[in-house]
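# A closer look at the structure
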Amino acid sequence: MAQVLKKIADYLTPNYQKLKTSTVFFWFFSCALFIRFPFFFRDYIDRDESTFIIMAQSWVDGHLPYTQLWDLKPPIIFLFFAILIKLFGKSFIAIRLAGTLMVAITAICTYKIANRTTSTKVAFWVGIFTVIFQSLFGSLQGVMSEHICITFFMVGLYTFLFKPQWYFVLLSGVFFGLSLMSKLNVAYPIFFLVIYLTWEAFRQKRLPAAIQKLFWLGFGILIVITMTALPYYLSGETMLWWQSVFMAPMAYSSSKPATIIKVVLFFLLFSVWVLFSFKKGWLDFKKREAKILVVISFGIVFSFLQTGKINGHYLILIYPPLLLLIELSVSKIGWLKKLNRPSILLIVFLLLPMEAYLEYYNIIKNKVQNDTFFNGEGINVPKYIIGNQIDTKNILFFEYHIGYWLLNEEPPTKAATHPSTILRESMFPYMQNPRKTSMEELRYLMEKVRPPIVVTRRNRRVFDKKMEEANAYINAYLEENYQKLDSVDAALIHQRLE
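Our focus in this paragraph is the state of the cysteines. Throughout this description, disulfide means a covalent bond between two cysteine sulfur atoms. This structure, assessed with the given rule, holds zero disulfides. No disulfide involves C109; its sulfur sits 13 Å from that of C149, the nearest cysteine.

Written out as structure tokens, the structure is:
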């Protein structure tokens, strides 16, 4: 068996000595496409992705983000999706394919950085694992803000590290700015990097040259920030831009419940690993890249501390720099080199993408049963509503809200753009919502807007179990004023009685 596995692995293993960048990119894109392709046909993989799409569609329809609909993300995220919708229409495949491309670009940048510090073989596998860790586990098969953010960040980092000319440093700043305006968390690794570079320059007595370099870097970041503000300035909505992009995230971080123990534990484990690797000589801090990667990684981990929470998709930001640090250690750890055999790697790659294998089975099964690869309540509920010619004006999705997009409708209020935002009353002042409390917003939706159709999840609470008052109200109101029209898969469709 071992011999068979070795022969298969040898056949699939590239000739590292002859690898071109274009060939490596092909491998990375193919790997990402294989893992992510069956998820191209799902209605949604994460609720945030659905919100980005709805926000982007509103922009395509002529409304700047935050003016008609609202979400807690910087505008580059919505611009990314808006460009795709403008070019390809309402296409899940185009969106998921673009996400696959972003993963491959992140991997090739990680590979290019690794290839400067180690062998092509090790760099290649660092890139492959970058693809895997950005594509598996939880909701990572969707197009998350972290996917877009880290792609811009890694392009900027590679350019900054190995292209010293001022115009490339400016370009690095532009990419860092795009990253920052995709997810504000990267302000910490960027800030940590600037502090380190200033300290390094002071120590090496070349502060004037470093200041000049940091000027171009900062100027590039400022260009992007200014460009995102410009449309709001021209339309007299500068304050809305400022409150939505900067003030709301800070208020959100301070208001949401923190799982600080997990975050601190993650921070401590990472710190201990860095110190242990340094003591053992696995990490060579004589290499400038190693020091910069440690600084950036600590910046990202510190951002987790600041938010007080680590969701699975947050880790997308830490994977590339962490894998690069591991890559720098691998060549120094003897037992790891012994394990680095093609047959073992093949077994790993047969087992790791189990989620993808299961999803391939699901879409084939759905094709046989329903004559379509596309699946999920977010697709099937709109299909049911259209098929039964049900009025969709002011329809309200408490779940599967990608349905707005497919029905050519919009959420009835700003707060309803993402269903959970209805109860985030700390965000209301920043979105300029006339209602002051979450219960006031909920009552306005049900008693003033009076949606003819409400979609919920069958046998599940509408809101988080901690929101007892909201759940009690909505359950009683639906019971008194709506009838259960039908269920579609796990979705329950309520129709107003009057």
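Now that the structure has been shown, the text picks up again.
A separate point is the nonpolar core. Membership of the largest hydrophobic core comes to 153 residues, with the highest contact counts inside it found for F81, L157, F398, L442 and M446. A total of twelve residues in this core trace back to one element, the largest contributor, which is helix 7 (residues 145–162). Leave out the neighbours within four places in its chain, and M446 touches L396, F398, P451, V454, Y473, I474, Y477, L478, Y482 and R496.

A few words now on unusual backbone geometry. One non-glycine residue, Y66, adopts positive backbone phi at about 80°. Counting through the fold element by element, Y66 comes out in the loop between helix 3 (47–60) and helix 4 (75–88). Taking the relative accessible area as the measure of exposure, Y66 reaches 0% and is therefore buried. At R450, a position not held by glycine, the phi torsion is positive, near 50°. On the secondary structure map, R450 appears in the loop between helix 20 (438–449) and strand 2 (453–457). Using a relative accessible area of 34% as the deciding quantity, one classes R450 as partly exposed.

Let us now look at the packing of helix 4 against helix 7. Interaxial distance between helix 4 and helix 7 falls to 10 Å at its minimum, and their mutual angle equals 100°. Of the possible angle classes, the one that applies to helix 4 and helix 7 is roughly perpendicular. Residues I76, I77, F80 and F81 of helix 4 touch helix 7, and the partners they reach there are S145, I148 and F152. The residue makeup of the contact of helix 4 with helix 7, split by class, is six nonpolar, one polar and no charged.

In this section: the pattern of salt bridges. What the rule picks out here adds up to eight salt bridges. A salt bridge links R47 to E399; the nearest nitrogen and oxygen atoms lie 3.6 Å apart. A residue pair is termed long-range when its members are at least 10 positions apart, and R47 in helix 3 and E399 in the loop between strand 1 (396–397) and helix 19 (403–406) qualify at 352 residues. For R47, a relative accessible area of 26% corresponds to the partly exposed category. Judged by its relative accessible area of 10%, E399 is buried. A salt bridge links R96 to E49, with the nearest nitrogen and oxygen atoms 2.9 Å apart. Remark: E49 occurs in helix 3 and R96 occurs in helix 5 (residues 92–115); sequence separation between them is 47 residues. Neither R96 nor E49 differs from the other in exposure class; each is buried. Overlapping salt bridges bring together E200, R206 and R288 as one network.

This next bit is on helix 20. The end-to-end C-alpha separation of helix 20 is 15 Å, in line with the 16 Å expected for twelve residues at 1.5 Å each. Burial in helix 20 covers these residues: S438, M439, E441, L442, L445, M446 and V449. Residues of helix 20 that are buried sit in contact with strand 1, strand 2, helix 21 (468–481), strand 3 (482–488) and strand 4 (491–496). After helix 20 finishes, the residue R450 shows a positive phi value of roughly 50°.

Another point: the sheet that holds strand 4. Strand order in the open sheet made by the four strands is 1-2-4-3, with mixed pairing throughout. Of all strands in the sheet, those with a lone pairing partner are strand 1 and strand 3, marking the two edges. Pairing of strand 3 with strand 4 involves six bridges; the strand directions are antiparallel. Looking across to strand 4, one finds that D486 is bridged to I493. Lying over the sheet, helix 18 (residues 377–387) contacts strand 1, strand 2, strand 3 and strand 4, oriented at roughly 120° with respect to strand 3.

This brings us to the environment of D391. Considering the arrangement of structural elements, one finds D391 in the loop between helix 18 and strand 1. A sequence separation of 61 residues divides D391 from P452, and the C-alpha atoms of the two residues are 7.3 Å apart. Contacts of D391, omitting those with residues within four sequence positions, involve P452 and I453.

Now for the packing of aromatic side chains. Tallied over the full model, the rule gives 43 aromatic pairs. Where F34 meets Y360, the ring centres are 5.8 Å apart and the plane angle is 35°; that geometry is what we call tilted. Within this pair, whereas F34 is found in helix 2 (residues 21–36), its partner Y360 is found in helix 17 (residues 354–370), the two being separated by 326 residues in sequence. Here the aromatic residues F52, Y66, F78, F80, F81 and Y232 are joined through ring pairs into a cluster of three or more. Across from the ring centre of F162, 4.4 Å away, lies the NZ or CZ of R116, which sits over that ring. The ring of F373 carries K367 above its face, with NZ or CZ at 5.3 Å from the centroid.

Each value, and the rule that gives it
Residues numbered from 1 in each chain as written. Predicted model: local features only at pLDDT ≥ 70, side-chain atom pairs only at ≥ 80, totals over all residues. Heavy atoms only, no water. Disulfide = S-S within 2.5 Å. Core = buried A, V, L, I, M, F, W, Y, C linked by side-chain atoms within 4.5 Å. Buried < 20%, exposed > 50% of the residue type's maximum accessible area, 1.4 Å probe, protein only. Helix = DSSP H or I, 4+ residues; strand = E, 2+ residues; numbered from the N terminus. Contact = heavy atoms within 4.5 Å. Axes fitted to C-alpha atoms, helices over the stretch in contact; angles between N-to-C directions. Parallel < 35°, antiparallel > 145°, perpendicular 65-115°, else oblique. Nonpolar A, V, L, I, M, F, W, Y, C, P; charged D, E, K, R; others polar. Salt bridge = Lys/Arg side-chain N within 4 Å of Asp/Glu carboxyl O. Expected span 1.5 Å × (residues − 1). Pairing = 2+ DSSP bridges. Phe/Tyr/Trp six-rings, centres within 6.5 Å; stacked < 30°, edge-to-face > 60°. Lys NZ or Arg CZ within 6 Å of the ring centre and 35° of its normal.

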